[in-house]
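Structural description and commentary
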Amino acid sequence: MLIPHNHAERERFYLDLAQKCDVSLEERKGDYSSLRAWYLFGAGPEESPAMFNKIHPHIDQLSSFLYSAETTRFSINLGASVPDGEHKKVPVLTQALNDEWLNSNADQVFSTCLTWALTYNTTFIKLIWNNGIHPFMVEPAGLGVLREDVPYLDRQEAVKQKYYITKSELYARLYAHPRREEIIKRITTSYHPPLSEIPEGVDRIVMSQTNPTIYGTVNLDLYGQNRYKARVAEDTVEMEEIWIWNDEIKDYQVVTKASPDIIIYDRPGEQVFMKGELPFIQVCPNPQYDYFWGQSEVQRLVMLQSLRNRRMTEILDLLTKQVAPPTALMGFTGILDEKNFALNRAGGLLSTDMPNAKVEKLAPAIPPDLYESIREIDQMFEEASGIVNVLQGRGEAGVRSSSHASQLARLGSSRAKKRALVIEDSLEKMATLYLKLMQAYDATHFKDINNTPFIAEQFTKDYVVKVDAHSNSPIFTEDLKSMAFNLFKTQAIDRESLIDLLEPPMKQLLKEKLKKREKKEAQAAAAAPPQAEKKPKGGGRKPDLKAVEDRKSTRLNSSHAN
């Protein structure tokens, strides 16, 4: 994208791009508010919460199959043209990368992003370097792109992020800006609701009197429980950060703007993050080829949850009528409500002098398969996301052995594995950016397997970080363990490599103990006296087979001659 050089044209260009990136923002914010309410409460924002929210545990279970924060680990794959000397640096850099991943709390941030990506349709993680890597979750309502019909973030020419900070925080961030005081005077602050704000429960109360008629409004809590809405009393500043691909410098141009349309910074992306790289990682479990934001997992479950809510209401209404059935008073006169009250209280007495008067309880019949429809709806939930009974630890008809159950689980997890591989791509993108940031900013000294010191920047740039053995999903765990033991039995790997593959508790301590044991075994083998070779009997000389055959043939010839 070509950016104008004239100052006035450049500013108009930035403002026009910001508006184009926000073309669907308000529409999407309404959708996200509804999806958030269905995920948290099993009902829409304007409805009372469901008696049992099936969506929340379903999404929780699905996310646990797609990503496991505890077992995920990474490995560095080098390119084909990398010299052999670089392979010596891989083990220590892999350990440093995994440590940085855990120390920066990236495992938990990614887990949260995945849960809300299933709820909405996508979420983002933004990486910031500030004496270390800091990952932050970005809601989809806070991000806009130029082309929503083009998937993948790195194919977008312009990306805009909207966020809010306090005036004091902005003042602190502008410590080196030459126009710091001027900018602070020009900005405006106000109350800004959260990006995924649910509409307030405000009802208009009309109090009619003879004179005058009084109208009023009141903040009335219609829900009766915590709706998990953040409250911020401090006024904030609306900030926008626009990342535009600049064809002239082959890098992103980063524009920081404050309300109302005050451009604070206009600089290359290399000064903010890294050259040619976006700090955003998209997490989209259900991508769609012609829609950037993808599909929502909760959206496909809304109708099932609504059907379940309606069926549960009908069942409870039926059970209520069974406990307190309607009453028919035939042949009675007078105030029937008082008579019905007398019939339905303990020790109540009802009498009448009317002939043929009778009381009849109209209790509905309870069908034997009352909850069968509920079980069918729950089965539809599982079918919608591909979580079969075997994966949930439930028994299956016809299973007679553990190997049979394992085979069924392997075949039944194909849909979940497919989606776990989609999540794996986002993990690998994020981990690769982690290592690139370590190369660009981290000056920690490492030592390779030959004890040669180096820093991460001296490592090759021809690499990609991969999720090691699909360890991001627990579905692959048993296959990995089986493969590790088979490799060890065939002596394709040693004992230390087996520990690395299995990732047991106290891994480092076990590896240190193994090294000490192997060292003692080597010393014992070197100190043992060499065993003497066994000598054959008969003076230690082996018989001459050719001479024996010659003697046999001579004796045979002599016997024939006689």
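Heads up: the structure comes first, above all this text.
Scope of this entry: the structure provided in the associated data block. (Residues numbered from 1 in each chain as written. Predicted model: local features only at pLDDT ≥ 70, side-chain atom pairs only at ≥ 80, totals over all residues. Heavy atoms only, no water.)

**Observations regarding the sheet that holds strand S9 (residues 251-258)**
Hydrogen bonds between backbone atoms are what pair the strands of a sheet, whose relative direction is either parallel or antiparallel. The test is simple: Here, strands pair whenever DSSP counts at least two bridges between them. In this text, helices come from DSSP runs of H or I with a minimum length of four residues, and strands from runs of E with a minimum of two, each type numbered from the N-terminal end. Fitted lines through C-alpha atoms serve as axes, helices being fitted only where they are in contact, and the angles separating the N-to-C directions of these axes extend from 0 to 180 degrees. Contacts were defined at the residue level, with two residues in contact if any of their heavy atoms lie within 4.5 Å.
Strands sit in the order S4-S5-S8-S9-S10 across an open sheet of five strands; the sheet is antiparallel. Bordering the open sheet on either side are strand S4 (143-145) and strand S10 (262-268), each of which pairs with just one other strand. Direction aside, neighbouring strands of the sheet carry axes that sit 20° apart on average. Where S9 and S10 come together, six bridges link them in antiparallel fashion. Its bridge partner lying in S10, glutamine 253 is registered against proline 268. Along the sheet, helix H1 (residues 7-21) makes contact with S4, strand S5 (158-166), strand S8 (236-246), S9 and S10, crossing S8 at roughly 100°.

**Considerations on the sheet that holds strand S2 (residues 123-129)**
The sheet built from three strands is open, its strands ordered S3-S2-S11 with antiparallel pairing. Of all strands in the sheet, those bounded by a partner on one side alone are strand S3 (133-138) and strand S11 (280-283). Across the sheet, the mean angle separating the axes of adjacent strands is 25° when strand polarity is ignored. The sheet contact formed by S2 and S11 spans four bridges and is antiparallel. Looking across to S11, one finds that phenylalanine 124 is bridged to glutamine 282. Seen against the sheet, helix H5 (residues 106-119) touches S2, S3 and S11 and runs at an angle of roughly 15° to S3.

**Considerations on unusual backbone geometry**
Here the bond from serine 259 into proline 260 is cis, since omega is 5°, no more than 30 degrees from zero. Among the structural elements, proline 260 can be located in the loop between S9 and S10.

**Focus: H1**
What counts here: In this scheme, a helix's expected span is set at 1.5 Å multiplied by one less than its residue total. For every residue, the accessible area obtained with a 1.4 Å probe (protein chains only) is divided by the maximum for its type, and the residue is called buried under 20%, exposed over 50%, and partly exposed between those limits. The arc in question is traced by the directions running from the helix axis to the C-beta atoms. A 3.5 Å cut-off defines polar contacts: any pair of N or O atoms within that distance qualifies, except that in protein one atom must be a possible hydrogen donor and the other a possible acceptor, and neighbouring residues in sequence count only when both atoms are side-chain atoms.
Its 15 residues place the ends of H1 21 Å apart at the C-alpha level, agreeing with the 21 Å of an ideal helix rising 1.5 Å per residue. Listing the buried residues of H1 in full gives Arg10, Tyr14, Leu17, Ala18 and Cys21. All buried residues of H1 lie within an arc of 100° about the axis, which places them on one face of the element. Facing away from the buried side of H1 by more than 90 degrees, the exposed set consists of Arg12 and Gln19. Looking at the buried residues of H1, the elements they touch are S4, S5, S8, S9 and S10. Between the side-chain oxygen of the N-cap and the backbone nitrogen of alanine 8 there are 3.1 Å, and the N-cap of H1 in question is asparagine 6.

**Comments concerning the packing of helix H3 (residues 55-66) against helix H10 (residues 372-385)**
How we decide: It is the rotation of the near helix from the far one that decides the hand of a crossing: anticlockwise by less than a right angle makes it left-handed, clockwise makes it right-handed. Each residue gets one label: Ala, Val, Leu, Ile, Met, Phe, Trp, Tyr, Cys and Pro are nonpolar, Asp, Glu, Lys and Arg are charged, and the others, such as Gly, are polar.
Between H3 and H10, the shortest axis-to-axis distance is 11 Å and the interhelical angle comes to 35°. Read as a crossing pair, H3 and H10 show a hand that is right-handed. Residues Ile55, His58 and Leu62 of H3 pack against Phe381, Glu382 and Ser385 of H10. Looking at the contact of H3 with H10 residue by residue, the class counts come to three nonpolar, two polar and one charged.

**Details of the packing of aromatic side chains**
To keep it simple, the criterion reads: Two aromatic rings, drawn from Phe, Tyr or Trp (for Trp, its six-membered ring), form a pair once their centres lie within 6.5 Å of each other, and the interplanar angle then sorts them: stacked below 30 degrees, edge-to-face above 60, tilted otherwise. Any Lys NZ or Arg CZ that is within 6 Å of a ring centre and within 35 degrees of that ring's normal is treated as a charge sitting over the ring.
In the structure shown here, the tally under the stated rule is 17 aromatic pairs. Summarising the aromatic geometry, the rings of phenylalanine 13 and tyrosine 14 are spaced 6.1 Å apart at their centres and angled 55° between planes, so their arrangement reads as tilted. Three or more aromatic residues joined by ring pairs make a cluster, and in this case those are Tyr32, Tyr39, Trp116 and Tyr120. In this structure, arginine 180 is placed above the aromatic ring of tyrosine 171, and the distance from its NZ or CZ to the ring centre is 3.6 Å. Cation over ring: arginine 267 sits above tyrosine 265, and NZ or CZ is 4.0 Å from the ring centre.

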